[in-house]
Amino acid sequence: MKTIIVYTLISILSWTTMGCASNPDNMRAKHHSSLQYQGADCAVLAADLDGVNHEIDGLHRELERLYGNDIWQFWGGLLLLWPLWFFLEFGDWSDADRYKELLGKRDALEKSMAKCG
């Protein structure tokens, strides 16, 4: 009987943590080649970089909000009311993927901007 209870608790904990939102501070950028910006005007590169940075800031705030909410809901459910686990947002995959893409694009733009002087 103890084994069944332990396995049930482990499966519930793993099920709920799989759905939690990702911490944006721990995400790695997806690779983007800086060759796509080869020959681009420095002013255009600067404008693109500003736009990407603006979008990254907005997504970072949103991902931090989702991550914080999931952490509070998880611990609140663990310590007080386990039904709170049913309200976890079950991931942020589309936002997280977009955030990683933008990080990679920013890295490529910064490499291209380094050649501008």
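What you see is a predicted model; the values in this text were computed from it and never measured.

A. Expanded view of the overall build of the protein chain. The secondary structure content of the protein chain amounts to three helices and zero strands. Each helix (α) and strand (β) of the protein chain, taken in turn from the N terminus, gives the series α-α-α. Counting over 117 residues, the protein chain shows a buried share of 28%. Considering only contacts in the protein chain between residues 6 or more positions apart, those separated by 24 or more positions represent 85%. When the accessible surface of the protein chain is totalled, it reaches about 8000 Å², and 61% of it is carbon and sulfur.

B. Expanded view of the pattern of salt bridges. For the structure on display, the rule yields four salt bridges. As a salt-bridge pair, Glu101 and Lys30 come within 3.9 Å of each other at their nearest N and O atoms. With a gap of 71 residues between them, Glu101 in helix α3 (residues 93-114) and Lys30 in the loop between α1 (2-18) and α2 (42-79) connect regions that are remote in the sequence. Of the charged contacts in the structure, one is a salt bridge between Glu55 and Arg98, with a shortest N-O distance of 2.8 Å. Taken together, the residues Glu55 in helix α2 and Arg98 in helix α3 connect sequence positions 43 residues apart. The partly exposed category is assigned to Glu55, whose relative accessible area is 34%. The partly exposed category is assigned to Arg98, whose relative accessible area is 37%. Overlapping salt bridges, with partners in common, bring together Lys30, Asp97 and Glu101 in one network.

The rules behind each value
- Residues numbered from 1 in each chain as written.
- Predicted model: local features only at pLDDT ≥ 70, side-chain atom pairs only at ≥ 80, totals over all residues.
- Heavy atoms only, no water.
- Helix = DSSP H or I, 4+ residues; strand = E, 2+ residues; numbered from the N terminus.
- Buried < 20%, exposed > 50% of the residue type's maximum accessible area, 1.4 Å probe, protein only.
- Contact = heavy atoms within 4.5 Å.
- Areas by Shrake-Rupley, 256 points an atom, 1.4 Å probe, with all protein chains shown as cover.
- Salt bridge = Lys/Arg side-chain N within 4 Å of Asp/Glu carboxyl O.

In short, the description is geometric, and any link to function would need to be established separately.
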